[in-house]
Amino acid sequence: AVSEGSPSMQRIHDNTGAIHFSNVLTGSCMSKIAITDAIDPTTTEMYRSALRTVSSLHYDENNHEPTDTRMRFDELALTQPILKAVQNAGYENPSPIQERAIPPLLEGSDFIGVAQTGTGKTAAFALPLLSRMDESVKGAQILVLAPTRELALQVAEAIEGFAENLPKLRVVAVYGGTGYGEQIREFKRGAQVVVGTPGRVMDHIEKGYLKLDNLQA
């Protein structure tokens, strides 16, 4: 719903089914758009996505063009190696969970976050933690618990990608259903990031292979 006196909003459906809005700039301010859940969830979410985009645009009277006011990754105080990896991956703007999580985690604060699948939760904690760690120090500094082997491998792979510009960093995924040998060797090589399932992580701790003396998070 567009409030009376606000810029007109033209709804355009593209071939992916996403909804984009373009301004027919008829006024100097942009009103809020109210949407309802009384339609199917897919359409509701598309409207919400469009609303989030529109809400991040600021109308400039001087040039009659909307300017993007969303936060950028380069405003989040990430270290240069991590920021470069993010930019190389083609990302410019953090998702809401990333925007909320990265600043306090860079400060070393505790944080509890909840977000839907596909919103970038792994990056939300991995980017700030990698920015804080010292890759020259051997041994586990970051311990990530994952409920399944598949998720542990997925998270470890993502973290390796974020750390592509940290040549001394080692990431190891540990999980059951496979031998201990290679996982133990990675510990001895000084892996700084450990991603694993709870059972196998506990086994390594109890047997003395995984030491937590340098753990940061």
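Scroll up to find the structure this text is about.
Now for a quick tour of the structure. None of these values were measured; they are calculated from a predicted model.

1. Quick look at the sheet that holds strand E6 (residues 171–174)
Judged by pairing direction, the sheet is parallel, and its three strands sit side by side in the order E5-E7-E6 without closing on themselves. Strands at the two margins of the open sheet, each flanked by one partner only, are strand E5 (142–145) and E6. Neighbouring strand axes in the sheet, compared pairwise and without regard to direction, differ in orientation by 15° on average.

2. Here we look at the packing of aromatic side chains
According to the stated counting rule, one finds zero aromatic pairs in the structure shown. If you follow Arg200 out to its NZ or CZ, it ends over the ring of Tyr180, 3.9 Å from the centre. Here the basic side chain of Lys207 rests over the ring of Tyr180, its NZ or CZ set 4.3 Å away from the ring centre.

3. Details of the environment of Val137
Examined against the element boundaries, Val137 turns out to sit in the loop between helix H4 (121–132) and E5. Its relative accessible area of 30% is what places Val137 among the partly exposed residues. Measuring from C-alpha to C-alpha, the distance between Val137 and Asn214 comes to 8.4 Å, with 77 residues separating the pair along the chain.

4. Some points on the packing of H4 against helix H5 (residues 149–162)
Between H4 and H5, whose axes approach to 10 Å, the crossing angle comes to 45°. Judged on the interaxial angle alone, H5 and H4 are oblique. The chirality of how H4 crosses H5 is right-handed. Side by side, H4 and H5 meet where Thr122, Ala123, Phe125, Ala126, Leu127 and Leu130 of the first sit next to Val155, Ala158, Ile159 and Phe162 of the second. In the contact of H4 with H5, the residues fall into nine nonpolar, one polar and no charged.

5. Digging into helix H2 (residues 80–88)
Along H2, the residues that are buried comprise Ile82, Leu83, Ala85 and Val86. All buried residues of H2 lie within an arc of 160° about the axis, which places them on one face of the element. Those residues of H2 that are exposed and aimed more than 90 degrees away from the buried face are Gln80 and Asn88. Taken together, the buried residues of H2 touch H4 and H5.

The rules we used
Residues numbered from 1 in each chain as written. Predicted model: local features only at pLDDT ≥ 70, side-chain atom pairs only at ≥ 80, totals over all residues. Heavy atoms only, no water. Pairing = 2+ DSSP bridges. Helix = DSSP H or I, 4+ residues; strand = E, 2+ residues; numbered from the N terminus. Axes fitted to C-alpha atoms, helices over the stretch in contact; angles between N-to-C directions. Phe/Tyr/Trp six-rings, centres within 6.5 Å; stacked < 30°, edge-to-face > 60°. Lys NZ or Arg CZ within 6 Å of the ring centre and 35° of its normal. Buried < 20%, exposed > 50% of the residue type's maximum accessible area, 1.4 Å probe, protein only. Parallel < 35°, antiparallel > 145°, perpendicular 65-115°, else oblique. Left-handed = near helix turned anticlockwise from the far one by under 90°. Contact = heavy atoms within 4.5 Å. Nonpolar A, V, L, I, M, F, W, Y, C, P; charged D, E, K, R; others polar. Arc of directions from axis to C-beta.

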